[in-house]
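Spelled out from the first residue to the last, the chains are:
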Amino acid sequence: METEKRNQIAAEILSNPRNQQEEIQALQDTLYVLGGKWKLPIINSICNGNKRFRDIERSIPGITTRMLSKELKEMTANQLIKRTVIDDTPVSIEYTSTDYCRSFGDIILEMIKWGKQHRQKLKEG
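Note that the structure is predicted; figures quoted are calculated from it, not measured. Think of each chain on its own: its residues are numbered from 1, step by step along the sequence as written. In keeping with the model being predicted, local features are shown solely for residues with a pLDDT of at least 70 and side-chain atom pairs are shown and tallied solely at 80 or more, while totals for entire chains, interfaces and linings include all residues. Side-chain numbers here rest on the full set of heavy atoms in the structure, without hydrogens or water.

S.K.: Can you break down the overall build of the protein residue by residue, with the values?
M.R.: Only runs of H or I of at least four residues qualify as helices and only runs of E of at least two qualify as strands under DSSP, and these elements are numbered from the N terminus. A count of helical and extended segments in the protein gives 7 helices and 2 strands. Start at the N end of the protein and walk to the C end: the helices and strands fall as α-α-α-α-α-β-β-α-α. Projecting the C-alpha coordinates of the protein onto the three principal axes gives extents of approximately 60 × 40 × 25 Å. Exposure is judged per residue with a 1.4 Å probe applied to protein chains only, and the accessible area is read against the type maximum: over 50% gives exposed, under 20% gives buried, and values in between give partly exposed. For the protein, the residues scored as buried account for 22% of the 125 residues in total. The Shrake-Rupley method, run with a 1.4 Å probe, gives the accessible areas here. Residue values count only the displayed protein chains as cover. Surface exposure of the protein reaches about 9,900 Å², of which carbon and sulfur atoms provide 53%. Across the protein, 20 positive and 17 negative side-chain charges occur, with their mean positions spaced 7 Å apart. The charge count treats Lys and Arg as positive and Asp and Glu as negative. His and the chain ends do not count. In plain terms, the charge of a residue is placed at NZ if it is Lys, CZ if Arg, CG if Asp and CD if Glu.

Here it is as structure tokens:
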């Protein structure tokens, strides 16, 4: 049943006849927007309720202030997160995920699932 469902999903996504160049371009676009060491952990942090820069930074071991700033700017440009300036005293900035970002939540869950299975498979030898 699982294979049949996977084949049905593939048929809906992939062109017929297959266009390998288009498929590779789509994969490259996805990796460009979501790839790298930090983007998915940043999205995970924001989706877990961390909205302020320092909270996001503290929740991700190893990320530098400079790298977080760079990634947040790229993710805002790609419409994955929204940057909101709150005009209080002092001014504060909050980051939230967009509907567009949440549209690949199922992909992230599948990646977490696969990563857990992979780690277990390596432990089993």
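S.K.: Residue-level account of the layout of surface pockets, with values.
M.R.: Remark: the empty space left among the atoms is shown by a probe the size of a water molecule rolled over them. Of the two site types, the cavity is a set of points on a 1 Å grid over the protein atoms alone where a 1.4 Å probe fits but cannot get out, and the pocket is an open set with protein on both sides within 12 Å along at least five of seven lines, each lined by residues with an atom within 4 Å of a point. Grid points are joined across faces, edges and corners, and a volume is the space filled by probe spheres set on the points. Taken as a whole, the largest pocket spans an internal volume of roughly 680 Å³. Around the largest pocket sit 15 residues that line it, and Arg6, Ile9, Ala10, Ile13 and Glu110 are the ones nearest its centre. Elements with a contribution of two residues or more to the lining of the largest pocket: helix 1 (2-13), helix 2 (20-34) and helix 7 (105-124). By residue number, the principal contributor to the lining of the largest pocket is helix 1, which donates 6 residues. For the lining of the largest pocket, the residue count by class is 6 nonpolar, 2 polar and 7 charged. By volume, the second largest pocket amounts to about 350 Å³. For the second largest pocket, the lining is made up of 14 residues, of which Thr30, Leu31, Leu34, Phe104 and Ile107 are closest to its centre. Amino acid classes used here: Ala, Val, Leu, Ile, Met, Phe, Trp, Tyr, Cys and Pro are nonpolar; Asp, Glu, Lys and Arg are charged; the rest, including Gly, are polar.

S.K.: Summarise the UniProt feature "domain: HTH hxlR-type" (unreviewed entry) in the protein; cite the residues concerned and give the values.
M.R.: Residues annotated by UniProt as "domain: HTH hxlR-type" (unreviewed entry) correspond here to residues 16-123. Here residues 16-123 is 62% helix and 11% strand, with 40 Å between the C-alpha atoms at its ends. UniProt positions are given in the numbering used here, feature names are shortened, and annotations may be inferred rather than shown by experiment.

S.K.: Please set out the environment of Asn78 residue by residue, giving values where relevant.
M.R.: Counting through the fold element by element, Asn78 comes out in the loop between helix 5 (65-77) and strand 1 (81-86). On the basis of relative accessible area, Asn78 is assigned to the partly exposed category, the value being 25%. Taking C-alpha positions, Asn78 is 7.1 Å from Val33, a pair spaced 45 residues apart along the chain. Two residues qualify as a contact provided that any one of their heavy atoms is within 4.5 Å of a heavy atom in the partner residue. Aside from chain neighbours lying at most four places away, what touches Asn78 is Tyr32, Val33 and Tyr100.

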